[in-house]
Amino acid sequence: DALPEHEEVRRCRLMSQLGRAYTFTGQTEESNVFGRKALELAAKLGDHKAQFSVMMARYGAPFIARNDDEAQDWRMNLEAMHEVAEKLGNIDQGRDRTLSLFVGAEMADRQLMDQSLDLLTEISTKENHLQLYWVQTHARAMVAILDGDLAQAEQCATEAFKIGKQTHGEHVEGVYGVQMFTIRREQSRLHEVAPIIKRMMSESPEDVSWKPGFGLIAAELGYTDTAKRILNELAETSFELPHDAMYSTTLSYLADICVMVESLEHAEAVFDLLRPYEHLTITAGATTVCAGAGARRLGNLATMMGDWAMSEKMFETAIDIDTRMKSPTWIAHSKSAFAAALRRRGRKADVKRAFHLEADALATAQKQGMFSLKSKLEGRAG
């Protein structure tokens, strides 16, 4: 309001940032108002840079598509952003395709994700743009995790970390830490990354974003009391977490902790927070880790709560999503989790179905070097 009338470009960009700020604070209606006004003004000005800035600010926030119409709206918005980015040139096209890659991953659209990564790679190589090259390299680590190639994932994550140190300094430790956490978890080597996560918590004690990850490590390594304490501490704030790029990932960690420590007390609250991701993947944005279907975590929670109809529905959804993502890693996890639920319910037909699901999951775990899952499955057979 304080800006002179002739400073419409500044007004446009301020409104776009207000829209983004309201998104991050969960005030959707206000976000939509400022985002729409900013887009209208940018179009009126004919300022492609302003238009693109508004679009990136508006759609660069954590994405939750709650219904098919909203998901379709996102696709239309992405197409509009592609058109503007093409007018601006390769660097902005690279930023555009980074966001498109994230949306493709979260919406379980493997084709969109792969196409976006291919174009991002082409642009970063052609322009010799170090920051975009960093992004596409750690995006390739994300894809390798999806594909079950853990050795390739580690190689790309390590290469990206070295590049990122030149472009972002110490700030790249977050991306690298989440990727290595995911890889080491599959390899049953979480003890190797526990000191890194603990150090990050010590350096930023007010930052709650690392607590769920450390709580999950504690639960995986058998330190149940520590995991429960962290879960209880986060519950004191009604699991109030930063609405940032790690939001769905930290929710998924909380769900895993609940299940591992058998916390019925907090299961329903975590289930409700995670429910909007029923038809999405858990993706740490923009291009860090895609950890498979959100429905798998919902299925695990529903199993613990004894809601068998919901459990079965969620696991069927999870297997469908992970199959669409062509991810042997997460298909194996979803099949294993579904089998565990079926065994827990214990009907004769359930046990037979569980056996076949576990056989598929074990074959994948053995082939991909997923030692943690392999050990769990073999333990059940024993």
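Predicted model, so just to flag it, every value in this text is computed and none were measured.

Draft legend 1. Examining the packing of aromatic side chains more closely. Taken as a whole and assessed by the stated rule, the structure comprises four aromatic pairs. Each ring, one from F181 and one from Y253, has its centre 5.2 Å from the other, and the planes form 50°; the classification is tilted. You can see F181 sitting in helix α9 (residues 173-186) and its partner Y253 sitting in helix α13 (residues 247-260), a full 72 residues away along the chain. For F181, a relative accessible area of 3% corresponds to the buried category. Between F315 and F338, the ring centres sit 5.4 Å apart and the planes meet at 25°, which makes this aromatic pair stacked. One end of the pair, F315, is in helix α16 (residues 308-324); the other, F338, is in helix α17 (residues 328-345), and 23 residues separate them in sequence. Exposure class is identical for F315 and F338. Each is buried.

Draft legend 2. Broad picture of the packing of α13 against helix α14 (residues 264-274). Across the interface, α13 lies against α14 with an axial gap of 10 Å and an inter-helix angle of 155°. The angle between the axes of α13 and α14 places the two elements in the roughly antiparallel class. Both α13 and α14 take part in a crossing whose hand is left-handed. Only H266, A267, V270, L273 and L274 of α14 make contact with α13, whose side of the interface consists of Y247, S248, L251, S252, L254, A255 and C258. In terms of residue class, the contact of α13 with α14 is built from nine nonpolar, three polar and no charged.

Draft legend 3. Quick look at the pairing of strand β2 (residues 289-293). When you tally the buried positions in β2, you get five out of five residues, the bulk of the element. Pairing analysis gives three bridges linking strand β1 (residues 281-284) to β2, with the strands arranged antiparallel. Considered in β2, the bridge of T283 is made with C290. Adjacent in sequence and paired antiparallel, β1 and β2 are bridged by four residues.

Draft legend 4. Seen up close, the side chain of D350. Secondary-structure assignment places D350 in helix α18 (residues 348-368). Taking relative accessible area as the criterion, D350 reaches 6% and is therefore assigned buried. Setting aside its immediate chain neighbours within four residues, D350 contacts L342 and R345.

Draft legend 5. Fine view of the nonpolar core. Counting 98 residues, the largest nonpolar core has M113, L254 and L301 as the members making the most contacts within it. Take this core: its biggest share by element is ten residues, from helix α7 (residues 130-147). Discounting residues that sit within four places of it in the chain, L301 has contacts with A255, C258, V259, A267, V270 and F271. Core analysis: the second largest hydrophobic core is formed by nine residues, I319, A337, F338 and A354 among them.

Draft legend 6. Main features of the pattern of salt bridges. Under the definition given, this model contains 25 salt bridges. A salt bridge links D92 to R95; the shortest N-O distance between them is 3.0 Å. Of this pair, D92 and R95 both sit in helix α5 (residues 90-106), separated by three residues, roughly a single helical turn. Given a relative accessible area of 7%, D92 falls into the buried group. The class for R95 is partly exposed, based on a relative accessible area of 35%.

Draft legend 7. Structural detail: helix α12 (residues 224-235). Relative to the 16 Å expected for twelve residues at 1.5 Å per residue, α12 spans 16 Å between its end C-alpha atoms, a close match to the ideal helical length. Of the surrounding secondary structure, the elements contacted by the buried residues of α12 are α11 (211-220), α13 and α14.

Draft legend 8. Examining helix α15 (residues 294-304) more closely. Within α15, eleven of the eleven residues are buried, which leaves the element mostly enclosed by the surrounding structure. Listed as buried for α15 are G294, A295, R296, R297, L298, G299, N300, L301, A302, T303 and M304. Buried positions along α15 lie against α13, α14, β1, β2, α16 and α17. Just past α15, the residue G306 takes up positive phi, approximately 80°.

Definitions and cut-offs
- Residues numbered from 1 in each chain as written.
- Predicted model: local features only at pLDDT ≥ 70, side-chain atom pairs only at ≥ 80, totals over all residues.
- Heavy atoms only, no water.
- Phe/Tyr/Trp six-rings, centres within 6.5 Å; stacked < 30°, edge-to-face > 60°.
- Helix = DSSP H or I, 4+ residues; strand = E, 2+ residues; numbered from the N terminus.
- Buried < 20%, exposed > 50% of the residue type's maximum accessible area, 1.4 Å probe, protein only.
- Axes fitted to C-alpha atoms, helices over the stretch in contact; angles between N-to-C directions.
- Parallel < 35°, antiparallel > 145°, perpendicular 65-115°, else oblique.
- Left-handed = near helix turned anticlockwise from the far one by under 90°.
- Contact = heavy atoms within 4.5 Å.
- Nonpolar A, V, L, I, M, F, W, Y, C, P; charged D, E, K, R; others polar.
- Pairing = 2+ DSSP bridges.
- Core = buried A, V, L, I, M, F, W, Y, C linked by side-chain atoms within 4.5 Å.
- Salt bridge = Lys/Arg side-chain N within 4 Å of Asp/Glu carboxyl O.
- Expected span 1.5 Å × (residues − 1).

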